[in-house]
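Coordinate inspection notes
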Amino acid sequence: MVDLRSDTVTRPSQAMRQAMAEAEVGDDVYGDDPSVNALEAEVARLLGHQAGLFVPSGSLSNQLGLRLLVKPGQELVCDDTAHVVRAELGAAAVFSGITTRTWHAERGLLDPADVANRITPNAGPYLVSTAAIAVENTHNFGGGTVQPVKAIREVQQLGREHGLALHLDGARLWNAHVASGTALDELAAGFDTVSVCLSKGLGAPVGSVLVSDAARIAKARIWRKRYGAGMRQAGILAAAGSFALQHNIKRLADDHARAAYLAGELSADPGTTETNIVVLRVPDAAAVAAQAREHGVLVSALGPAFLRLVTHLDVDDAAVERAAEVLRPLILG
Ligand SMILES: *Cc1c(COP(=O)(O)O)cnc(C)c1O
């Protein structure tokens, strides 16, 4: 099987498993796990923030960040296919009493005018006041879109002018860094909270890290425990994350090249494949996915006419060539 459903399907390599097996561990709820502490410090350093918190998933990392920035009854604004509103099962509302309003963004691309049109800061006693803006980089449902730094800075400026906080869902910030050549700390600058995933393209089996200032991370640590996600000898997992940071960032360029190859072979809209995600518009996505499966290729039908292919650590050149062979007749006829 060539599995292009997601970059979450990777399995830890032998070398990563070795690093996990040899990890020094302690009780992380007591702050005693050296491998977790090292990972949190390293991610914070890479992203240019004061402190980090290791959590089991990107959804939890996002939700911890959001609840620190938005009070119950206030709103978060973001685009309408952002993971935080589309794929976290209403968590911001359920856990934190946060309402959301959205704008539509082609390919998930950030446009400061959309944000300016949507925010209602200090809306008074009748309307919902905006408290925070969320940005996703790269944009998952948008097709791995890299957000331009200029647009990010304008949105941050707008946020500052209106006293709004900013959250970055950087599940695939590593991909944005490799594709654009922009430094990680530059991509993470100007955000109050940043979430990054270790379990996507980086190939760790589990884990995300939230970074922010030390005071917010101390609060997030309390909420992580309250949510039941305080882990004990989690260094076994953190070691996989540290291994991934050391070995699997630069190689994301290979995933991007393979995605570009697939985009070309399958006539994706030119210029829409910037990183490791290929979006294809087809008349019947479910039918294509079912037929491809019969030929040993797994892809995601994320909408009636929306196919998503994701390259990752466990698909090599031969695998994408095979996928292209299977998919070409199904898509191009
Ligand atoms: C995968 C992903 C997340 C987090 O997902 P989990 O499955 O909860 O780890 C968050 N944001 C984006 C954009 C993602 O692609």
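If you're wondering where the values come from, they're calculated on a predicted model, not measured in any experiment. (Residues numbered from 1 in each chain as written. Predicted model: local features only at pLDDT ≥ 70, side-chain atom pairs only at ≥ 80, totals over all residues. Heavy atoms only, no water.)

1. Some points on the packing of aromatic side chains
Tallying each qualifying case throughout the model produces 2 aromatic pairs. Relative to Y227, the ring of W223 has its centre 5.7 Å away and its plane inclined at 50 degrees; by these criteria the two rings are tilted. A relative accessible area of 24% means that W223 is categorised as partly exposed. Through a chain of ring-to-ring contacts, three or more aromatic side chains come together here, namely F95, W223 and Y227. Looking at R67, its charged tip hangs above the ring of W223, at a distance of 3.3 Å from the centre. Here R226 stacks its cationic end above the ring of W223, 4.4 Å away from the centre of that ring. (Phe/Tyr/Trp six-rings, centres within 6.5 Å; stacked < 30°, edge-to-face > 60°. Buried < 20%, exposed > 50% of the residue type's maximum accessible area, 1.4 Å probe, protein only. Lys NZ or Arg CZ within 6 Å of the ring centre and 35° of its normal.)

2. Quick look at unusual backbone geometry
Geometrically, the link from N137 to T138 is a cis peptide bond, its omega value of -5 degrees lying close to zero. Its location among the elements puts T138 in the loop between β5 (130-136) and α7 (149-161). Backbone geometry places R107, a non-glycine residue, at a positive phi of 55 degrees. Note on placement: R107 falls in the loop between β4 (99-103) and α6 (112-118). (Helix = DSSP H or I, 4+ residues; strand = E, 2+ residues; numbered from the N terminus.)

3. Digging into the site of the ligand
Around the ligand, the surrounding shell consists of S57, G58, S59, N62, H83, E88, E136, N140, D169, A171, R172 and K200. G58 is positioned such that a nitrogen or oxygen atom in its backbone is 2.8 Å from an oxygen atom of the ligand. Interatomic distance of 2.9 Å between a side-chain N/O atom of N140 and an oxygen atom of the ligand. Summarising the interface, the protein chains cover 84% of the accessible area of the ligand, which totals 380 Å² for the free molecule. Top element by residues in the shell around the ligand is helix α3 (residues 58-69). It accounts for 3 residues. In terms of residue class, the shell around the ligand is built from 1 nonpolar, 6 polar and 5 charged. (Near = heavy atom within 4 Å. Polar contact = N/O pair within 3.5 Å; in protein donor to acceptor, adjacent residues only side chain to side chain. Areas by Shrake-Rupley, 256 points an atom, 1.4 Å probe, with all protein chains shown as cover. Nonpolar A, V, L, I, M, F, W, Y, C, P; charged D, E, K, R; others polar.)

4. Considering the domain arrangement of the chain
Assigned domains within the chain: domain 1 (14-247) and domain 2 (251-332). Averaged C-alpha coordinates put domain 1 and domain 2 at centres separated by 27 Å. Taken together, the contact pairs 18 residues of domain 1 with 15 residues of domain 2. Here domain 1 meets domain 2 over a buried area of about 1,400 Å², counting both sides, of which 54% is carbon and sulfur. When the area that domain 1 buries against domain 2 is broken down by residue, the three leading residues are R107, G143 and N175, summing to 30%. Taken together, the connections running from domain 1 to domain 2 amount to 1 salt bridge. Close ionic contact of E274 with R107 constitutes a salt bridge, the shortest N to O distance being 2.9 Å. Per element, the largest residue contribution to the side of domain 1 that touches domain 2 is 4 residues, and it comes from helix α8 (residues 173-180). Of the residues assigned to the side of domain 1 that touches domain 2, the class counts are 6 nonpolar, 9 polar and 3 charged. (Domains from an automatic or database assignment. Contact = heavy atoms within 4.5 Å. Buried area = accessible area lost by both parts, 1.4 Å probe. Salt bridge = Lys/Arg side-chain N within 4 Å of Asp/Glu carboxyl O.)

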